Amino acid sequence: MGHILWVEPIFHEKIWGGKRLKDVYGYDIPSDQTGECWAPSAHPSGDNTIIEGEFKGQTLSKVFNEHRELFGNIKDKEFPLLIKIIDACDDLSVQVHPGDEYAHIHENSLGKTECWFVLQADEGTKMVMGHHAKTKEEFVKAIENDDYDNLLNSFKIKAGDFFYIPSGTLHAICSGSLIYEAQQSSDITYRVYDYHRKDADGNERQLHVQQSIDVTNVPADIDQNKEFPQTMLENGTKTRYVDSEFFKVDRYQLNGKNVIKNDEPFMMVSIIEGTGIFEGNEVKKGDHFVICSDQKEVTFDGDMEVMISTL
Ligand code: ZN
């Protein structure tokens with residue numbers, strides 16, 4: 001039998017965070033301004049502890065570094081992917097992430113391409129993705145003039161929507177969203193606009209305007225795929241949202257018993273709805289674990305929705 005690494009989520013408070021991570025998933029969150037649940041994660045800013053089995057008490061990054069054979073012997077210096085659940089009670093800053101090359105030179109980090117599956121969205125909830133500037137000059141001028149209403153491309157979203165956000169794409173998650181995010185394991189965010197919000201001490205958060213101008217794609221390239229291939233399973237369906245050079249993301253809607261094969265270096269699993277049995281263990285929404293490469297197949301039994309991200 002192979003390895004399954006059950007992980008303990010790590011939470012981050014944010015000025016835009018809320019309490020839906022407690023209300024929806026029952027997590028013990030640090031406050032009613034909790035914005036992010038990181039799991040599975042091996043990133044230094046939120047390295048998950050393993051809570052069961054042979055590696056109990058160790059961090060995911062330690063197991064990744066010392067037991068690469070459990071992760072298909074991939075050559076990556078650091079664990080490559082990071083999964084978050086994001087509760088936006090207020091708007092997130094308008095931001096952009098660098099690609100690998102820029103991040104490597106300027107930040108000694110991976111770049112950040114990310115994607116979002118919308119778990120819940122209040123009526124009328126929006127998001128920002130891309131912009132309307134045709135040239136860098138137009139882009140810079142709009143920033144100088146604080147003309148974000150005309151610059152930003154924003155639109156309404158609903159539960160079940162999926163968006164792929166390549167590095168260099170200007171974006172913002174807006175208030176009323178609960179989002180599953182799969183991303184490269186990077187924490188490099190360039191904030192270009194934060195609505196002139198002030199914290200309790202009257203200070204605005206730091207902006208990174210020059211870096212944002214450097215890395216933002218102009219014109220914006222946001223050709224979104226809306227056709228997601230579905231595969232019938234024994235007792236359910238699998239929807240593939242993305243298969244990119246950085247990650248693959250699938251949603252499994254399971255009604256009954258399903259055996260799922262694993263031929264990946266690892267599978268990052270998040271139960272987003274329902275309850276059931278996974279390999280003899282009771283599981284429920286809000287549980288996260290990593291299926292290692294030596295576990296060649298797994299059995300889910302129950303009514304569940306499961307997000308699985310892999311390389
Ligand atoms: Zn982002």
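This text follows the structure it describes.
What you see is a predicted model, and the numbers here were worked out from it, not measured in a lab.

Draft legend 1. Just the overall build of the chain, in detail. Secondary structure assignment for the chain yields 6 helices and 20 strands. In terms of C-alpha radius of gyration, the chain reaches 19 Å, essentially the compact-globule figure of 19 Å for 311 residues. Counting only residues that meet the buried cut, the chain has 54% of its 311 residues in that class. Of the contacts made within the chain by residues no fewer than 6 positions apart, 71% connect residues no fewer than 24 positions apart. Per element, the accessible surface of the chain, about 14,100 Å² overall, is 45% carbon and sulfur. A distance of 1 Å separates the average location of the 31 positive side-chain charges in the chain from that of its 54 negative side-chain charges.

Draft legend 2. Structural detail: the environment of serine 270. Here serine 270 is to be found in strand S17 (residues 266-278). The class for serine 270 is buried, based on a relative accessible area of 0%. Serine 270 sits 38 residues away from isoleucine 308 along the chain, and the two C-alpha atoms are 6.5 Å apart. Apart from the residues lying within four places of it in its own chain, the contact partners of serine 270 are Ala39, Pro40, Ile83, Tyr180, Asp287, His288, Glu305, Val306 and Met307. For serine 270, the side chain forms a polar contact with the side chain of histidine 288, separated by 2.8 Å.

Draft legend 3. Here's a closer look at the environment of threonine 135. Here threonine 135 lies in the loop between strand S8 (126-131) and helix H4 (136-144). Separated by 133 residues in the primary sequence, threonine 135 and glycine 2 place their C-alpha atoms 52 Å from one another.

Conventions used here
- Residues numbered from 1 in each chain as written.
- Predicted model: local features only at pLDDT ≥ 70, side-chain atom pairs only at ≥ 80, totals over all residues.
- Heavy atoms only, no water.
- Helix = DSSP H or I, 4+ residues; strand = E, 2+ residues; numbered from the N terminus.
- Rg over C-alpha atoms; globule rule 2.2 N^0.38 Å.
- Buried < 20%, exposed > 50% of the residue type's maximum accessible area, 1.4 Å probe, protein only.
- Contact = heavy atoms within 4.5 Å.
- Areas by Shrake-Rupley, 256 points an atom, 1.4 Å probe, with all protein chains shown as cover.
- Lys, Arg positive; Asp, Glu negative; His and termini not counted.
- Charge placed at Lys NZ, Arg CZ, Asp CG, Glu CD.
- Polar contact = N/O pair within 3.5 Å; in protein donor to acceptor, adjacent residues only side chain to side chain.

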